[in-house]
Amino acid sequence: MRIIVTGAGIGGSVLALALEKAGMNYLVLEQAPALTEVGAGIQLSPNGVRILEWLGLGDDMAAFCVEPGSHQLKDWQSGETVLQTPLRSVAKSSFGAPYYHAHRADVIEALASRLNPDRLRLNAKVVSVSQSANKVSVAMEDGSQESGDVLIAADGIHSVVRNQIFNPEAPRPSGYLAWRGMVPVERAAHLGIEKQSVAVMGPRLSIVFYYVSGGRRINWVAIGAGADDKRESWSQTASKADVQKSFVGWYDQAKGLVDLTDQLFVTALHDREPLPTWIDGRIALMGDAAHAMLPYHAQGAVQSIEDAWVLARCLELGQADAAGALLIYESLRKDRAQRLQLHSRNAERWYHLDDADEIAHRNARLAGHAKNSDTGVTPQQAWLFSYDAEKAVLGTDEQWRALREW
């Protein structure tokens with residue numbers, strides 16, 4: 001079986017490493033001239049970290065990641081902690097792997113350094129795909145072609161394969177923008193920011209911040225309502241003065257990070273509508289091509305990692321029936337990922353409430369989640385973090401399936 005993968009982002013690269021580990025024949029097509037990433041932070045929960053550790057990245061992550069003590073939801077004016085759930089003390093013992101914060105570029109570099117260069121084509125922009133009863137073909141912009149037994153589209157929210165084969169609708173604008181920045185820790189020392197995962201919820205505006213780069217920098221991302229005239233790109237610069245105005249009246253850590261940032265970037269937040277199927281014959285979608293989601297549960301990249309492991313293992317175990325293996329992959333992954341798409345979409349509203357009664361109800365509900373848990377972890381976190389991709393493939397994940405999700 002020869003497997004063609006379009007896209008060498010986090011999901012496509014993890015898929016390539018998993019296929020390499022399984023001794024499978026594959027080729028990754030990446031349109032960029034090099035595997036690089038812009039300077040954004042990323043959260044990696046145990047359900048994704050354990051897969052990266054299986055692929056040999058454990059030591060790398062321990063060096064460049066930061067392990068937060070807890071996850072904190074804070075009030076925008078007082079900085080008071082509305083909900084705190086443990087991470088460092090329970091992640092390994094309860095879920096088998098750490099919870100990490102990282103610089104996305106560090107993750108990409110660690111993955112890229114392990115890719116087999118003989119199975120990677122750069123500058124390979126896919127323009128069309130086709131299939132027959134027993135093969136798939138991919139045409140590139142330069143006129144070249146590649147063929148194989150299976151095609152996996154890991155080419156992101158603007159997937160060429162999704163648009164051609166499944167549904168050409170445009171990504172759905174959320175009506176919100178995200179601004180981000182990085183601050184060296186020495187510049188922010190006076191703010192007294194601890195190594196936690198912090199989310200601050202304010203009226204129509206929120207901010208998340210945490211340490212990355214082995215603790216050398218603090219990454220922040222603020223989300224607020226805005227006109228949909230920005231592209232989905234993390235390289236667009238933003239006006240610092242405009243963002244500062246939005247944080248007038250906020251407590252010192254949240255607005256202080258904005259004040260200390262030299263260069264701000266902005267992007268429009270989009271997701272895509274859930275699809276009725278990710279499979280068309282010998283062609284399958286994964287990651288953002290299948291289930292692009294908003295960032296409120298910090299699961300976009302991790303869900304791509306889960307997809308990659310399950311898909312690689314399904315192909316390994318089902319080599320005699322490639323199309324059948326893709327259908328098994330979909331049956332194992334589609335429900336979980338699409339639930340997260342919708343939960344992330346719903347979270348946008350309750351993150352940004354501005355009615356006092358609704359805010360009080362939300363905060364009381366959040367506080368109650370942890371009180372009803374033996375470990376302090378909410379039922380939602382347990383449902384997210386305890387998913388084991390290998391057990392899912394083997395059909396031995398009954399314990400996770402019995403958990404209550406939200």
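Okay, so let's go over this structure. These figures come from a predicted structure and were not determined experimentally. (Residues numbered from 1 in each chain as written. Predicted model: local features only at pLDDT ≥ 70, side-chain atom pairs only at ≥ 80, totals over all residues. Heavy atoms only, no water.)

## Digging into the overall build of the protein
Then, number 1: Broken down by element type, the protein carries 15 helices and 19 strands.
Then, number 2: Over its C-alpha atoms the protein spans a radius of gyration of 21 Å, differing by no more than 12% from the 22 Å that the globule rule assigns to 406 residues.
Then, number 3: If one aligns the C-alpha atoms of the protein with their principal axes, the spans along those axes are about 60 × 45 × 40 Å.
Then, number 4: Looking at the protein as a whole, 57% of its 406 residues qualify as buried.
Then, number 5: Within the protein, residue pairs in contact and separated by at least 24 positions form 76% of the contacts whose partners lie at least 6 positions apart.
Then, number 6: Of the roughly 16300 Å² that the protein leaves accessible, carbon and sulfur atoms contribute 48%.
Then, number 7: Of the side-chain charges in the protein, 40 are positive and 48 negative, and the distance between the mean point of each set is 1 Å. (Helix = DSSP H or I, 4+ residues; strand = E, 2+ residues; numbered from the N terminus. Rg over C-alpha atoms; globule rule 2.2 N^0.38 Å. Buried < 20%, exposed > 50% of the residue type's maximum accessible area, 1.4 Å probe, protein only. Contact = heavy atoms within 4.5 Å. Areas by Shrake-Rupley, 256 points an atom, 1.4 Å probe, with all protein chains shown as cover. Lys, Arg positive; Asp, Glu negative; His and termini not counted. Charge placed at Lys NZ, Arg CZ, Asp CG, Glu CD.)

## Section: the packing of helix H1 (residues 10–21) against helix H5 (residues 104–112)
Then, number 1: Contact geometry for H1 and H5: axes closest at 10 Å, N-to-C directions at 25 degrees. Comparing their axes, H5 and H1 come out roughly parallel. Judged by the sense of rotation from one axis to the other, the crossing of H1 with H5 is left-handed. Residues Ile10, Ser13, Val14 and Leu17 of H1 pack against Arg104, Val107, Ile108 and Leu111 of H5.
Then, number 2: Residues belonging to the contact of H1 with H5 are distributed by class as follows: six nonpolar, one polar and one charged. (Axes fitted to C-alpha atoms, helices over the stretch in contact; angles between N-to-C directions. Parallel < 35°, antiparallel > 145°, perpendicular 65-115°, else oblique. Left-handed = near helix turned anticlockwise from the far one by under 90°. Nonpolar A, V, L, I, M, F, W, Y, C, P; charged D, E, K, R; others polar.)

## Thoughts on the sheet that holds strand S19 (residues 283–285)
Then, number 1: If you walk across this open sheet you meet the six strands as S7-S2-S1-S11-S19-S18, and the pairing is mixed. Both outer strands of the open sheet, strand S7 (120–121) and strand S18 (279–280), are each paired with one neighbouring strand and no more. (Pairing = 2+ DSSP bridges.)

## Examining the sheet that holds strand S10 (residues 145–148)
Then, number 1: Here three strands make up an open sheet; going across it, the order is S8-S9-S10 and the pairing antiparallel. Lying at the two open borders of the sheet, with one neighbouring strand each, are strand S8 (126–131) and S10. Going from strand to strand, the sheet's axes swing by 20 degrees on average, the running direction of each strand aside.
Then, number 2: Direction of pairing for S8 relative to strand S9 (residues 136–140): antiparallel, over a ladder of five bridges. Each bridged residue has a counterpart across the sheet, and for Ser128 the counterpart in S9 is Ala139.

## Quick word on the environment of Gly249
Then, number 1: Structurally, Gly249 can be placed in the loop between helix H7 (240–246) and helix H8 (252–260).
Then, number 2: Separated by 172 residues in the primary sequence, Gly249 and Gln77 have C-alpha atoms spaced 6.5 Å apart.
Then, number 3: Filtering out sequence-adjacent residues up to four positions away, Gly249 remains in contact with Trp76 and Gln77.

## Some words on the nonpolar core
Then, number 1: One finds Leu44 and Ile152 to be the most contacted residues of the largest nonpolar core, which totals 90 residues.
Then, number 2: For this core, the leading source of residues is helix H10 (residues 300–317), giving ten residues.
Then, number 3: Those residues in contact with Leu44 that lie beyond four places of it in its chain are Val49, Leu52, Met61, Pro98, Tyr99, Tyr100, Ala102, Val107, Val302 and Ile305.
Then, number 4: If you look at the next biggest cluster of nonpolar residues, it comprises 28 residues, including Trp76, Ile193, Val200 and Ala254. (Core = buried A, V, L, I, M, F, W, Y, C linked by side-chain atoms within 4.5 Å.)

## Notes on unusual backbone geometry
Then, number 1: The residue Arg204 is not glycine, and still its phi comes out positive at about 60 degrees.
Then, number 2: You can see Arg204 is positioned in the loop between strand S13 (197–202) and strand S14 (205–212).
Then, number 3: Its identity is not glycine, yet Ser213 carries a phi of approximately 55 degrees, on the positive side.
Then, number 4: Inspection of the secondary structure assignment puts Ser213 in the loop between S14 and strand S15 (217–225).
Then, number 5: Judged by its relative accessible area of 1%, Ser213 is buried.

## Thoughts on the pattern of salt bridges
Then, number 1: Applying the stated criterion to the full structure yields 21 salt bridges.
Then, number 2: For Glu146, the salt bridge is made with Arg2, and the minimal N-O distance between the two is 3.3 Å. Here the residue Glu146 occupies a position in strand S10, and Arg2 occupies one in strand S1 (residues 2–6), the gap between them amounting to 144 residues.
Then, number 3: Given a relative accessible area of 24%, Arg2 falls into the partly exposed group. (Salt bridge = Lys/Arg side-chain N within 4 Å of Asp/Glu carboxyl O.)

## Brief notes about the side chain of Glu330
Then, number 1: Looking at where Glu330 falls in the secondary structure, it is placed in helix H11 (residues 322–351).
Then, number 2: Put simply, Glu330 is tucked away with no salt bridge, and the nearest opposite charge, on Lys334, sits 5.4 Å away.
Then, number 3: If sequence neighbours within four positions are ignored, Glu330 has contacts with Pro276, Thr277, Trp278 and Ile279.

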